[in-house]
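If you want the building blocks of each chain, they are given just below.
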Amino acid sequence: MNLRIGHGFDVHAFGDGDHVMLGGVRVPHVRGVVAHSDGDVVLHALCDALLGALALGDIGQHFPPSDMRWKDANSIDFLRHCHALVREHGWMLGNADITVLCERPKVGPHAQAMRETIAIACGVAVDAISVKATTTEKLGFTGREEGIAAEAVCLLVRE
Ligand SMILES: Nc1ccn([C@@H]2O[C@H](COP(=O)(O)O)[C@@H](O)[C@H]2O)c(=O)n1
Ligand SMILES: C[C@@]1(CO)OP(=O)(O)OP(=O)(O)OC[C@H]1O
């Protein structure tokens, strides 16, 4: 088989702060997120999608939250590591599609910057990376603005 699909999902609770990191982009917000690293749900979901496609476990196994090396880590480094594993195992990232779930902050104005940041980190064309968002119509923990979530799917193509 010359194709692999991967799926990732991540959640972080909102906490004190004035911004959230999303797709490697600093997005101003009235809250921050509670996390061991920078709490970037977009990049964490994408890392898990890449690892899932490779059947190599999940982000917490590669970067344990008990390890102080990852305290306040920049999640773009996690993505670079996961993408390097993709290449080492003989695959290329075909495309990735990411959905952010939150009422706020609005993602649309920052989506292009996120796409470009992810594309550069993975060495792929920007049109291979999709970032979009939805509210959950004020339902559930995202609807109550208690936290933020992201889902990602990716397709790997044999080199
Ligand atoms: N955090 C968000 C949520 C949504 N958007 C954009 O708004 C559109 C409408 O959202 P609905 O949940 O009401 O369908 C959505 O399609 C996104 O384009 C956003 O930018 N940021
Ligand atoms: C990213 C890691 C790094 O220690 O911690 P968190 O920033 O808390 O994020 P999470 O999405 O729970 O993934 C687990 C860890 O790998």
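Going along each chain's sequence as written, the residues are numbered from 1 onward. Chain letters and ligand numbers both follow the written order, the letters beginning at A and the numbers at 1. With the structure being a predicted model, the display of local features is reserved for residues of pLDDT at least 70 and the display and counting of side-chain atom pairs for 80 or more, all residues being used for whole-chain, interface and lining totals. Calculated side-chain values reflect all of the structure's heavy atoms, with hydrogen atoms and water omitted.

A. The arrangement of the environment of Leu155 in detail. Only DSSP runs of H or I reaching four residues or more are called helices, and only runs of E reaching two or more are called strands; each is numbered from the N terminus. Relative to the helices and strands, Leu155 is located in strand S7 (residues 147-158). Since its relative accessible area comes to 29%, Leu155 is described here as partly exposed. Between the alpha carbons of Leu155 and Ala113 there is a distance of 21 Å; along the sequence they are 42 residues apart. Excluding anything up to four places from it in sequence, Leu155 contacts Leu3, Arg4, Ile5, Met92, Leu93, Gly94 and Asn95. To sort residues, take the accessible area from a 1.4 Å probe on protein chains only and compare it with the maximum for the residue type: under 20% means buried, over 50% means exposed, and anything in between is partly exposed. When checking whether two residues touch, look at their non-hydrogen atoms; a contact exists if any pair is within 4.5 Å.

B. Summary view of the site of ligand 1. Taken together, Cys102, Glu103, Pro105, Lys106, Val107, Gly108, Ala133, Thr134, Thr135 and Glu137 make up all the residues around ligand 1. The definition of a polar contact used here is a pair of N or O atoms within 3.5 Å, where within protein one atom must be able to donate a hydrogen and the other to accept one, and adjacent residues in sequence count solely through side-chain atom pairs. In this structure, Val107 approaches ligand 1 through a main-chain N or O atom, which is 3.0 Å from a nitrogen atom. Within the contact set of ligand 1, an oxygen atom lies 3.2 Å away from a side-chain nitrogen or oxygen of Thr134. When ligand 1 is considered free in solution it has 460 Å² of accessible area, and contact with the protein chains removes 59% of it. Under the convention adopted here, Pro, Cys and the residues Ala, Val, Leu, Ile, Met, Phe, Trp and Tyr are nonpolar, Asp, Glu, Lys and Arg are charged, and Gly plus all remaining residues are polar. When its residues are assigned to classes, the shell around ligand 1 shows four nonpolar, three polar and three charged. Any residue with at least one heavy atom within 4 Å of a molecule or strand is counted as near it. Using the Shrake-Rupley algorithm and a 1.4 Å probe, accessible areas are obtained, with residue cover drawn only from the displayed protein chains.

C. How the structure looks around a nonpolar patch on the surface. Where nonpolar side chains cluster on the molecular surface, the patch consists of Phe9, Val11 and Phe141 and spans about 240 Å² of accessible area. Looking at the secondary structure, you find Val11 in strand S1 (residues 3-15). Judged by relative accessible area, which is 34%, Val11 ranks as partly exposed. Patches in this entry comprise residues that are over 30% relatively accessible and not in a salt bridge; like charges within 9 Å are linked, as are nonpolar side chains (Val, Leu, Ile, Met, Phe, Trp, Tyr) within 5 Å. Salt bridges are defined as contacts in which a side-chain nitrogen from Lys or Arg sits within 4 Å of a carboxyl oxygen from Asp or Glu.

D. The arrangement of the sheet that holds S7 in detail. In this scheme, strands are said to pair when DSSP sees at least two bridges between them. A sheet is described by the order of its strands in space; here five strands give the open sequence S4-S1-S7-S5-S6, paired in mixed fashion. Edge positions in the sheet fall to strand S4 (32-33) and strand S6 (129-134), since each of these pairs with one other strand and no more. Of the pairings in the sheet, the one linking strand S5 (residues 91-101) to S7 comprises 10 bridges and is antiparallel in character. Note on S7: the bridge partner recorded for Asp97 is Val153. With respect to the sheet, helix H1 (residues 41-54) is in contact with S1, S5 and S7, its orientation differing from that of S1 by roughly 150 degrees. The sheet strands contacting helix H4 (residues 108-122) are S5 and S6, and the helix crosses S6 at an angle near 145 degrees. Axes, fitted as lines to C-alpha atoms, cover a helix only where it is in contact. Angles between the N-to-C directions of the axes lie from 0 to 180 degrees.

E. Structural detail: the UniProt feature "domain: 2-C-methyl-D-erythritol 2,4-cyclodiphosphate synthase" (unreviewed entry) in the protein. As annotated in UniProt, the feature "domain: 2-C-methyl-D-erythritol 2,4-cyclodiphosphate synthase" (unreviewed entry) corresponds to residues 3-156 in the numbering used here. Helix makes up 33% of residues 3-156 and strand 32%. Its end C-alpha atoms lie 6 Å apart. UniProt positions are given in the numbering used here, feature names are shortened, and annotations may be inferred rather than shown by experiment.

F. Looking closely at the UniProt feature "binding site: a divalent metal cation" (unreviewed entry) in the protein. Per the UniProt entry, the sites bearing "binding site: a divalent metal cation" (unreviewed entry) are Asp10, His12 and His44 in this numbering. Spanning 35 residues, the named residues form one tight spatial group whose C-alpha atoms are at most 10.2 Å apart. Residue placement: Asp10 occurs in strand S1. Other than its neighbours up to four places away in sequence, Asp10 contacts Asp40, Val41, His44, Ala45, Ile148, Ala149 and Ala150. Residue placement: His44 occurs in helix H1. Excluding residues within four positions of it along the chain, His44 makes contact with Asp10, His12, Ser37, Asp38, Gly39, Ile59, Ser75 and Phe78.

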